[in-house]
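Chain residues, written in single-letter form:
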Amino acid sequence: DISPLLKDPVAFRTLIDLLEDHVRASFPKIDLIVGEWLDSRGFLIGTPLAQRLGIGFVPVRKKGKLPGATECISYSLEYGKARPGGSRGSGWGAETHREGAELEIQRDAVEPGQKVLVVDDLLATGGTMWAASELLKRLKAEILECLVIIELKALKGSEKLNSIPFYSLLQFD
């Protein structure tokens, strides 16, 4: 849970500083930050990081949340039990969702060949990050890296990303 980081302005600024330092040291040219805007908090990290880097931010959302023409993908949920009418729980692994999910991105949000970073708060089993990456591949973006604050290593989510470079600030078994 990154809520304490979001609540503390000094801690949040330090987090964005660390991510910015990593990105600037690793990638001389980036066009866009792509953040997942679901139940996750990728957009809360991606937007200030994009602003610091002087580049744009593109959201990936649940199906039906974006205007205009979109590209959509179905994927398996990261964790939790399917439960109709489920709601957000507390702590990691306490998410409750419907069976499967769909993500979308606006078709004109990313141009072919643009260099992008995919940002999220947490990597568990990797389903959401995989789906976002697949959408970007369909739009012919060049994915430089998938970047998260926290990785739950025991769930092996980074393996789902195949050959896409991956970076996590913190890892937990």
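Everything here concerns the structure above.
If you're wondering where the values come from, they're calculated on a predicted model, not measured in any experiment. (Residues numbered from 1 in each chain as written. Predicted model: local features only at pLDDT ≥ 70, side-chain atom pairs only at ≥ 80, totals over all residues. Heavy atoms only, no water.)

Novice: Please provide a residue-by-residue account of helix H4 (residues 127-138), values included.
Specialist: Helical periodicity: at 3.6 residues per turn, an α-helix aligns residues three or four positions apart in one direction. Here H4 contains 12 residues, and its C-alpha end-to-end distance of 17 Å stays within 8% of the 16 Å for a straight helix at 1.5 Å per residue. Looking only at H4, the buried set comprises Gly-127, Thr-128, Met-129, Ala-131, Ala-132, Ser-133, Leu-135 and Leu-136. Lining the buried residues of H4 we find strand E1 (32-37), strand E2 (56-62), strand E3 (70-75), strand E4 (101-106), strand E5 (115-123) and strand E6 (142-152). (Helix = DSSP H or I, 4+ residues; strand = E, 2+ residues; numbered from the N terminus. Expected span 1.5 Å × (residues − 1). Buried < 20%, exposed > 50% of the residue type's maximum accessible area, 1.4 Å probe, protein only. Contact = heavy atoms within 4.5 Å.)

Novice: How would you summarise the environment of Phe-57 if you had to cite specific residues and measurements?
Specialist: Take Phe-57: it is sitting in strand E2. Taking C-alpha positions, Phe-57 is 9.1 Å from Asp-31, a pair spaced 26 residues apart along the chain. Excluding anything up to four places from it in sequence, Phe-57 contacts Leu-32, Ile-33, Val-34, Gly-35, Phe-43, Gly-46, Thr-47 and Ala-50.

Novice: An account of unusual backbone geometry is requested, with residue identities and associated values reported.
Specialist: In this structure, Lys-156 is a non-glycine residue whose phi angle is positive, near 55 degrees. With respect to the helices and strands, the residue Lys-156 is situated in the loop between E6 and strand E7 (166-172). The phi dihedral of Asn-162 is positive, around 55 degrees, even though this residue is not glycine. Locating Asn-162 in the fold gives a position in the loop between E6 and E7.

Novice: Break down the pattern of salt bridges for me, with residues and values.
Specialist: Pairs can form between side chains of opposite charge whenever their charged atoms are close. Per the counting criterion, the structure on display carries nine salt bridges. As a salt-bridge pair, Glu-71 and Arg-107 come within 3.5 Å of each other at their nearest N and O atoms. Pair noted here: Glu-71 is in strand E3 and Arg-107 is in the loop between E4 and E5, with a separation of 36 residues, a long-range link. Overlapping salt bridges bring together Asp-17, Glu-20, Arg-24 and Arg-52 as one network. (Salt bridge = Lys/Arg side-chain N within 4 Å of Asp/Glu carboxyl O.)

Novice: Can you tell me about helix H3 (residues 42-53), naming the residues and giving the values?
Specialist: Between its first and last C-alpha atoms H3 spans 16 Å; for 12 residues at 1.5 Å apiece the expected length is 16 Å, and the two agree. Turning to H3, its buried residues are Gly-42, Phe-43, Ile-45, Gly-46, Leu-49, Ala-50 and Leu-53. What you see down the axis of H3 is that its buried residues fit within an arc of 155 degrees, all on one side. Lining the buried residues of H3 we find helix H2 (9-26), E1, E2, E5 and E6. Following H3 by one or two positions, Gly-54 has its phi on the positive side, about 70 degrees. (Arc of directions from axis to C-beta.)

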